[in-house]
Amino acid sequence: MHNMNAKSLFLIVCSTLLFACGGGQEDHNDPVVLLEQDAGVQTDASSTDSSGDDNGTAPDADGQRDTGGTSDGGGDGDTSGAGQLPPPAQQVWGAAPAEDKDPAEDVVEVDLEAVEKKVTISEGRTLDMYTYNGEFPGPLIEADVGDKVVVNFTNKLPEPTTIHWHGLRIPDEMDGTPRVQAPVKPGESFKYEFTVPEAGSFWYHPHVRSNEQVEKGLYGLFVIRGENEPTYDQERYFTIDDILLDGDQFPPFLRRHPELMHGRYGNILLTNGSPDLLKLAAKQGQVERWRLVNPANARTMKLAIEGAEWRVIGTDGGLLEKPFTTETLELPVGQRYDVEIRYTEATAVKLNSLVRTRDNNGNIVEKAIPLAEVDVEQTGIQPRQVELPTVDIPELDRKPTRTEKITMNARRGGDHGIQWTLNGKANPEEPLFNFKNGETVKIALYNAAGPEHPFHLHGQFFKVVFDGREITDRPGLRDTVLVPGRTTIEIIAYLDNPGQWMAHCHILEHAELGMMSEIVIGE
Ligand code: C2O
Ligand code: CU
Ligand code: CU
């Protein structure tokens, strides 16, 4: 079943795992379990690994979400009378936009300051977090394709940081990684300046000790609109995160064995920064666009929408050539989905997170935890068909001219006893590959070990051509793809943006522990 390498690693991984987590026994002393006693306030979804389950993603979720907290974002624009739909909304609901200081039409200039802040995520729960501009999640950056974006960044944190613009095909010196810029020291500033090339739902986050800095709150959404965006009655954005808390503290990082192995799973789900059910309002007949982002350290979210018609219209690389429908959405860390929601009925529409948990008999079961609930008011109106623009993604037709392989594995070693490797190397100085600009490369991503790896390539897009099934249902352009344990995924990457680009696992602990390299694309 496994080859030798995979098997020996499997032993290293799982013998220690079983020791550390065997049936969850040891975990009963963990902070995670203390939180279970908060049931009724939070969504407790602790990272109790199940023995014999290599994905190790079986959370406990006994705590029912407190539906008492309301987080209506307002701005629903539904003040019109019955039978009348609100005018098309141009604004994204779900985050406060960053202020554009430049009056020019085609320039967006914002100030971002990374700063420590006490953030009340829910009634009675205040955390010492890292924030952009004191907000969690960070301010929404909005621009149109072709705009110049200027970000005046100041670091007020007690440690160095950078900002990386996840998914944007911009010049590499603006990519915000320590490989292309000296991290911004405490008290210092850096001006990021670039032209945004294409439309889509992107996000930003630091690229220094990101397992801690992102977990503590540093991320925000970056929306770029094209010329032919479809018009919706409302546009909403959801960041679906999880954080690990011990009381109101972030427990120490990179200490527990499951965290080194699977990444840091949280015990609380946060939607737009809130552990409470988001209560929203809409009208029957409305059609909305939801942008979904997973900024968690490690947890792949499995999402479902209940009570409304929906279809996927966009992925990491923007709108799809062909929208599709699906029962559930798998959203690994780093990825994005744009979905269209049609309110055909006056009902409570739910965005659910399907988490694995244990029932009273200790069996693993999947449980739907509502993250947001839209109260749809009756109007008797049926939603219109939203005209989607014709999307032509010429990249998708390109044939590969070169084939490469990246093997993802682990070994003993390093400061924490385990290192995660790409082609046998942990955090190598040397690039994995040197390519030429314009090359189309088929890359086999082979995960030789048990834990899954959401593989991310900076500054380029790719498509998934093989995911173990004959026909992949993962259309569109991606910058991140989930590679499950002991599986090969094939991608075709369009290397059209010259420079020095990171290629890494987006489980931030894996990246910190070595699974972080780069490719170089020559002029
Ligand atoms: Cu989300 Cu290296 O990035
Ligand atoms: Cu990135
Ligand atoms: Cu990984």
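All values reported here derive from a predicted model rather than from experimental measurement.

Undergrad: Please clarify how the overall build of the chain should be interpreted in this entry.
TA: Per the secondary structure count, the chain includes 5 helices and 30 strands. Burial statistics for the chain: of 523 residues in total, 59% are counted as buried. Considering only intrachain contacts with a sequence separation of at least 6, the fraction spanning at least 24 residues in the chain is 76%.

Undergrad: How should the coordination of the copper ion (ligand 3) be read in this particular structure?
TA: Geometry reference: four tetrahedral donors at a metal, ideal angle 109.5 degrees. Six octahedral donors, ideal angles 90 or 180 degrees. Coordination of the copper ion (ligand 3) by the protein involves H453 (ND1), C505 (SG) and H510 (ND1), with metal-donor separations of 2.0 to 2.1 Å. Of note, the donors binding the copper ion (ligand 3) are all from one chain and are spaced H-x51-C-x4-H. A residue pair is termed long-range when its members are at least 10 positions apart, and H453 in strand β25 (residues 453–457) and C505 in strand β29 (residues 499–505) qualify at 52 residues. A single burial state applies to H453 and to C505, both of which are buried.

Undergrad: Explain the coordination of the copper ion (ligand 2) to me, please; I cannot follow it from the model alone.
TA: Distances from the copper ion (ligand 2) to its protein donors, H164 (NE2) and H456 (NE2), fall at 1.9 Å. Of the two residues, H164 sits in strand β6 (residues 164–166) while H456 sits in strand β25, which places them 292 residues apart along the sequence. Among the residues examined, H456 registers a relative accessible area of 0% and is labelled buried.

Undergrad: Can you help me understand the pattern of salt bridges in this one?
TA: If the charged atoms of two oppositely charged side chains come close together, the side chains can form a pair. Counted by the stated rule, this structure contains 31 salt bridges. The partner of D338 in a salt bridge is R291, with the nearest N and O atoms 3.4 Å apart. Of this pair, D338 sits in strand β18 (residues 336–342) while R291 sits in strand β13 (residues 287–293); the two residues are 47 residues apart in sequence, bridging distant segments of the chain. Put simply, R336 and D316 hold a salt bridge, and the shortest N to O gap is 3.7 Å. Of this pair, R336 sits in strand β18 while D316 is found in the loop between β15 (309–315) and β16 (318–324), placing the two residues 20 residues apart along the sequence. Of the residues examined, D316 reaches a relative accessible area of 0% and is grouped as buried. One connected set of salt bridges, linked through shared partners, spans E142, R225, E229, E235, R289, R291 and D338.

Undergrad: Just to check I follow, could you spell out the sheet that holds strand β23 (residues 433–436) for this structure?
TA: Pairing between sheet strands relies on hydrogen bonds along the backbone, with the strands arranged either parallel or antiparallel. Here 5 strands make up an open sheet; going across it, the order is β23-β30-β29-β25-β27 and the pairing mixed. Each edge of the sheet is formed by a strand with only one pairing partner; in this case those strands are β23 and β27 (480–483). Averaged over all pairs of adjacent strands, the angle between strand axes in this sheet comes to 25°, irrespective of strand direction. As judged from the 4 bridges shared by β23 and strand β30 (residues 516–522), these two strands associate in the parallel manner. Along β30, the bridge assignment pairs F435 with I521.

Undergrad: Teacher, can you tell me more about the nonpolar core here?
TA: The nonpolar side chains of a soluble globular protein tend to be buried, and buried together. By size, the foremost hydrophobic cluster in this structure holds 69 residues, and its most contacted members are F238, W290, L292, L351, F455 and I519. Residue contributions to this core peak at 5 residues, all from strand β20 (residues 364–377). Residues in contact with I519, not counting those within four places in the same chain, are P431, L432, F433, F435, L457, L495, G499, Q500, W501 and A503.

Undergrad: Would you mind showing me how to read the pairing of strand β3 (residues 125–132) here?
TA: For a regular strand, side-chain orientation follows a simple rule: the groups alternate between the two sheet faces. The element β3 is largely enclosed, with a buried count of 6 among its 8 residues. Across 8 bridges, the pairing between strand β2 (residues 107–122) and β3 is antiparallel. When the bridges of β3 are listed, S122 appears paired with R125. Hairpin connection of β2 to β3: 2 residues between the antiparallel strands, including G124 at a positive phi of 80°.

Undergrad: So what exactly am I meant to see when it comes to the environment of K185 here?
TA: Tracing the backbone through its elements, the reader meets K185 in the loop between β6 and β7 (189–195). Each C-alpha atom, one on K185 and one on T154, is 9.1 Å from the other, the two residues being 31 residues apart in sequence. Those residues in contact with K185 that lie beyond four places of it in its chain are N155 and P160.

Undergrad: Just to check I follow, could you spell out unusual backbone geometry for this structure?
TA: Note on backbone geometry: most residues besides glycine have negative phi, and most peptide bonds are trans. F136 connects to P137 through a cis peptide bond whose omega is -10°. Following the sequence through the fold, P137 ends up in the loop between β3 and β4 (141–144). Phi at N272 takes a positive value of approximately 50°, unusual for a residue other than glycine. Of note in the backbone geometry, R486 takes a positive phi value of approximately 50° without being a glycine. By the element assignment, R486 lies in the loop between β27 and β28 (487–495).

Undergrad: What am I meant to see in the sheet that holds strand β26 (residues 461–466) here?
TA: Here 5 strands make up an open sheet; going across it, the order is β22-β21-β24-β28-β26 and the pairing mixed. This sheet does not close on itself; its edge strands, each paired only once, are β22 (418–422) and β26. Strand-to-strand twist across the sheet, computed as the mean angle between neighbouring axes with direction ignored, equals 25°. Sheet analysis places strand β21 (residues 402–412) next to strand β24 (residues 439–447), joined by 7 bridges and oriented parallel. Pairing of T403 across the sheet is with K442, part of β24.

Undergrad: Help me out: how do you make sense of the packing of aromatic side chains in this one?
TA: When we look at a pair of aromatic rings, we describe it by the centre distance and by the angle of the planes. Following the criterion strictly, the structure yields 12 aromatic pairs and no others. Between Y132 and Y204, the aromatic rings sit 5.2 Å apart at their centres with planes inclined by 50°, giving tilted as the arrangement. Here the residue Y132 occupies a position in strand β3, and Y204 occupies one in strand β8 (residues 200–205), the gap between them amounting to 72 residues. Each member of the pair, Y132 together with Y204, is buried. Feature note: the residues Y132, F153, W165, F190, Y192, F194, Y204 and F222 constitute an aromatic cluster, connected by ring pairs. Positioned above the aromatic ring of W93 is the side chain of R236, whose terminal nitrogen or guanidinium carbon lies 5.3 Å from the ring centre. Stacked on the ring of Y337, the Lys or Arg R478 has its end atom at 4.6 Å from the ring centre.

Undergrad: Any chance you could explain the confidence of the model for the chain here in plain terms?
TA: As a general rule, the predicted coordinates of low-pLDDT regions are not to be interpreted in detail. For the chain, per-residue confidence averages 85 on the pLDDT scale, and residues scoring 70 or more make up 81% of the total. Within the model, the stretch residues 1–83 combines pLDDT values under 50 with 188 contacts to residues more than four positions away or in other chains.

Rules and cut-offs
Residues numbered from 1 in each chain as written. Chains lettered and ligands numbered in written order. Predicted model: local features only at pLDDT ≥ 70, side-chain atom pairs only at ≥ 80, totals over all residues. Heavy atoms only, no water. Helix = DSSP H or I, 4+ residues; strand = E, 2+ residues; numbered from the N terminus. Buried < 20%, exposed > 50% of the residue type's maximum accessible area, 1.4 Å probe, protein only. Contact = heavy atoms within 4.5 Å. Donors = N, O, S within 2.8 Å, 3.2 Å for Na, K, Ca; no water. Salt bridge = Lys/Arg side-chain N within 4 Å of Asp/Glu carboxyl O. Pairing = 2+ DSSP bridges. Axes fitted to C-alpha atoms, helices over the stretch in contact; angles between N-to-C directions. Core = buried A, V, L, I, M, F, W, Y, C linked by side-chain atoms within 4.5 Å. Phe/Tyr/Trp six-rings, centres within 6.5 Å; stacked < 30°, edge-to-face > 60°. Lys NZ or Arg CZ within 6 Å of the ring centre and 35° of its normal. pLDDT = per-residue confidence, 0-100.

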